[in-house]
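# Working through the structure, step by step
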Amino acid sequence: MAVCVAVIGKENAPLYLLTADPAAELQFHYTVHTALDVVEEKLAATGKTAADSRELYLGALYSTEEHRVFGYATNTKIKFIIVVEAANVSIRDNEIRTMFRRLHAAYTDMVCNPFYLPARPITARAFDRTVRQMVTGAS
């Protein structure tokens, strides 16, 4: 399914990044940071007054020859980025939305842990397990 999943903090610092191919991790860091520019543009376009009623799913941010990049921003300005292979044309928009909902639910469960310190890298095993399932395509 996904080849890269990233969680970016309020200050655009990466909190979590998992790639299907660890050798390509640096490339995906660049891809995710490039996507942040598009995320910021989309968030600015929604306006500050519509922040409560806006859609969390930002849709397709951009595409390259190898990948398609999708974004999601929470009300607390945490950003989720999912990168899928461009060759995978069978994946539909509602499947990407479902992946983001699962990711958001796992993130919410992890943040509710009283031992988690906000704005720190994510090391929770349950969160990592959920993301690994999304990357490998397991249910």
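This text follows the structure it describes.
Residues numbered from 1 in each chain as written. Predicted model: local features only at pLDDT ≥ 70, side-chain atom pairs only at ≥ 80, totals over all residues. Heavy atoms only, no water.

## Focus on unusual backbone geometry
Even without being glycine, Asn12 reaches a positive phi, approximately 60°. When you line up the elements, Asn12 lands in the loop between strand 1 (2-8) and strand 2 (14-19). Residue Asn12 is classed as partly exposed on the basis of its relative accessible area of 27%. One non-glycine residue, Lys77, lies in positive phi territory at about 70°. Among the secondary structure elements, Lys77 is positioned in the loop between strand 4 (67-73) and strand 5 (79-85). (Helix = DSSP H or I, 4+ residues; strand = E, 2+ residues; numbered from the N terminus. Buried < 20%, exposed > 50% of the residue type's maximum accessible area, 1.4 Å probe, protein only.)

## Considerations on the pattern of salt bridges
Inspection of the entire model under this criterion finds 4 salt bridges. For the salt bridge of Lys79 with Glu40, the shortest nitrogen-to-oxygen distance reads 3.9 Å. One end of the pair, Lys79, is in strand 5; the other, Glu40, is in helix 1 (residues 25-46), with 39 residues separating them in the sequence. Classification of Lys79 as buried rests on a relative accessible area of 2%. (Salt bridge = Lys/Arg side-chain N within 4 Å of Asp/Glu carboxyl O.)

## Quick notes on the side chain of Thr19
Inspection of the secondary structure assignment puts Thr19 in strand 2. Residue Thr19 is classed as buried on the basis of its relative accessible area, which comes to 10%. Here Asp21 takes part through its backbone oxygen, which lies 3.0 Å from a polar atom of the side chain of Thr19. Contact partners of Thr19, with chain neighbours within four places excluded, come to Val3, Cys4, Glu25 and Phe28. (Polar contact = N/O pair within 3.5 Å; in protein donor to acceptor, adjacent residues only side chain to side chain. Contact = heavy atoms within 4.5 Å.)

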